[in-house]
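# Observations on the model geometry
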Amino acid sequence: MFEALLLGLLSAACIYDVLGPTLLYAGRPLIAGSLAGLIIGHLTLGMAVGGTLELTALGVYTYGGASTPDYQTGAIVGTALAAHVVGGLIAQVPVGIAIGLPAAILLTSLDPVARTLTTLWIHRADTYVDEGSSRGVTWMHWTAFIPWGLSRGIPAFLATLAAGTSVVINVEHAIPAGFTNGMTLVGGMLPAVGFAMLLTIMPVKRFWFMLPIGFVLFAYLSVPLVGIALVGVGIAAIYMRLQSSNVEAPKLNV
Amino acid sequence: MSDTETPVTHEDSQPALPELTKRELSRSFWRYFWSFQISWNYERMQGMGFAWAMEPVLRKLFSRKADYIAAMKRHMVFFNTDAIIGGPLILGSAIAMEEAGAPASAEGMKVGLMGPMAGVGDTLTFALYNSIIFTIGASWALQGKVIGPIFAGVMVLVPYFLVRRWQFYFAYRQGKQLASTLAGGALDRLSESATILGLVVLGGFIPSIVHVVTVLTYKQTIILTSGKHVTQTVPLQTQFNAVLPFVFAVLLTAGVYFTLTKLKWSPLVAIACVFAIGLALGWLGWFAPILPVAAAH
């Protein structure tokens, strides 16, 4: 019960961090999952579930204002439920992903509810503005977070509450080995979706030839990622230099 | 520049506005920092957050209640841009314009900049910076290294704070010249170069993160020099590795990219498909994330 309450609060705190100060980007599944792991005393599990969902989610956080799968709550719920599975990380992580991913997608439907309900607050705030009441506007601005917080907090709370019950433990006994193998592969393949989504918002048609450069460095030459990033910085700098000299050249002629 | 802007003061027949002090500016920035999007809603989006951040400034500038109300109304309108790169920039310059007695310029600048800044800001923060630091963080986390989430957290905490604070005060100082500064094409070139960096890194990231190999094997009989026939079990993947390593990771990513762009699938359908295919191929024992150690021999 106490743990469920803590994880519910964590979920609300994570969405606050995203909307407000962005101290850690706690809404990202990597952070949310790790924090959940810390709370339930199983950090490695939280990191593994959060990390896998993170790679699935990569390209999702792109368009301001659009509803995206709630990977944050998915990571928290997946971590909390997987912790009750016996058999160590190898058995727990696939279960965490098998729960966290569908949960994230299901909870997508709660996000528009929060975004719509908040509209009620803004109309009340309009009245306070007409009265010149700065306190009223302050009050409305901060309480408008309530629908946001509840939309993330309640699912995490309820799911964790259900985690300790026998339902989850019985389900776990019924899981065949093939399913675990399949889910492990799913965990390895899902980042492809994240990367593909990321590519859709990048100018691949114009700069596709940059992709093989990184690929060859990694796949054939085994250059570490930081090294690849440094090569990328170099190429980007060359490009910028060429571009700006193109812009400046006609100016000199004038 | 300044001589063309001074007449704008006449657009309102008000007495000269009081000058802002460090106090109002800092209060405005912290209000933005702690709560910019907490009242985000479909109708005005970041509108109330923007107005609430402007409020300490407007209260100082407009001592007459009617003026204060009118100013608050001006900023309680629809607003949406990137909250990290863009938001503080526009806020700072809106403050500068309100202080200069040019509320119409503040409104125009908000409308004019929020779209472009949303595009540039979202690309730089989400598509580029976040995806790099969170991919690195996640891959460390998957290896069980605690430094993974900590790295991602610190790389958000410090640079994101500095970039927001800098933008806010820079924009305030630059005031009305801001729009022309950014219109010089420098911003376009910067974000284009950043995109190039992103694509080079992605080329290496994708095979390092997407794990799918075939564990199918085939039997191969070789004749040794001694004339003995020896039958070996060879993993099919080793043959692929010799020619095109990470071939399945590349094909998978390219395949999903194709369904998203050409077939216009929604990401959720793509996730469901990858989920089903992965579950089936893993269950059948044809594919796995990595080659089992025994088969690699």
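Not measured: the values here are computed from a predicted model. (Residues numbered from 1 in each chain as written. Chains lettered and ligands numbered in written order. Predicted model: local features only at pLDDT ≥ 70, side-chain atom pairs only at ≥ 80, totals over all residues.)

## Here's the deal with the nonpolar core
- In terms of nonpolar packing, the biggest core is built from 166 residues, with A:A80 and A:A192 touching the most fellow members.
- No other element matches the 19 residues that helix α6 (residues 103-142) of chain B contributes to this core.
- Setting aside residues up to four positions removed in sequence, A:A192 forms contacts with B:V210, B:L252, B:T253, B:V256 and B:V274. (Core = buried A, V, L, I, M, F, W, Y, C linked by C-beta atoms within 7 Å. Buried ≥ 20, exposed ≤ 12 C-beta atoms within 10 Å, placed from the backbone. Helix = DSSP H or I, 4+ residues; strand = E, 2+ residues; numbered from the N terminus. Contact = placed C-beta atoms within 7 Å.)

## Let's talk about the environment of B:I132
Residues and elements named next belong to chain B.
- Within the element layout of this structure, I132 appears in helix α6.
- A count of 19 C-beta atoms within 10 Å places I132 in the partly exposed class.
- Between the C-alpha atoms of I132 and M155, which are 23 residues apart in sequence, the distance is 10 Å.

## Some words on the confidence of the model for chain B
Residues and elements named next belong to chain B.
- Averaged over all residues, the pLDDT of chain B equals 83, while 87% of them reach at least 70.
- When mean pLDDT is compared element by element in chain B, helix α2 (residues 22-35) scores highest at 96, while helix α1 (residues 2-5) scores lowest at 41.
- Contacts of residues 1-13 to residues separated by more than four positions or lying in other chains number 12 contacts, the stretch itself having pLDDT below 50.
- The ipTM value of the predicted complex is 0.75, and its pTM value is 0.73. (pLDDT = per-residue confidence, 0-100.)

## Side note on helix α6 (residues 110-131) of chain A
- For α6(A), built from 22 residues, the straight-helix expectation of 32 Å at 1.5 Å per residue is met to within 8% by its first-to-last C-alpha distance of 33 Å.
- Residues A:A114, A:T118, A:W121, A:I122, A:A125 and A:V129 constitute the buried set of α6(A). Viewed end-on, α6(A) has its buried residues packed into an arc of 120 degrees, placing them on one side of the element. More than 90 degrees from the buried face of α6(A), the exposed residues found are A:H123, A:T127 and A:D130.
- Those residues of α6(A) hidden inside the fold are in contact with α7 (134-143) and α8 (145-163) of chain A together with α3 (47-61) and α4 (65-75) of chain B.
- Immediately beyond the C-terminal end of α6(A), within one or two residues, lies A:G132, with a positive phi of roughly 75 degrees. (Expected span 1.5 Å × (residues − 1). Arc of directions from axis to C-beta.)

## With respect to the interface of chain A and chain B
- Listed per partner, the contact involves 94 residues of chain A and 95 residues of chain B.
- The element contributing the most residues to the side of chain A that touches chain B is helix α14 (residues 225-253) of chain A, with 13 residues.
- Split by residue class, the side of chain A that touches chain B holds 61 nonpolar, 28 polar and 5 charged. (Nonpolar A, V, L, I, M, F, W, Y, C, P; charged D, E, K, R; others polar.)

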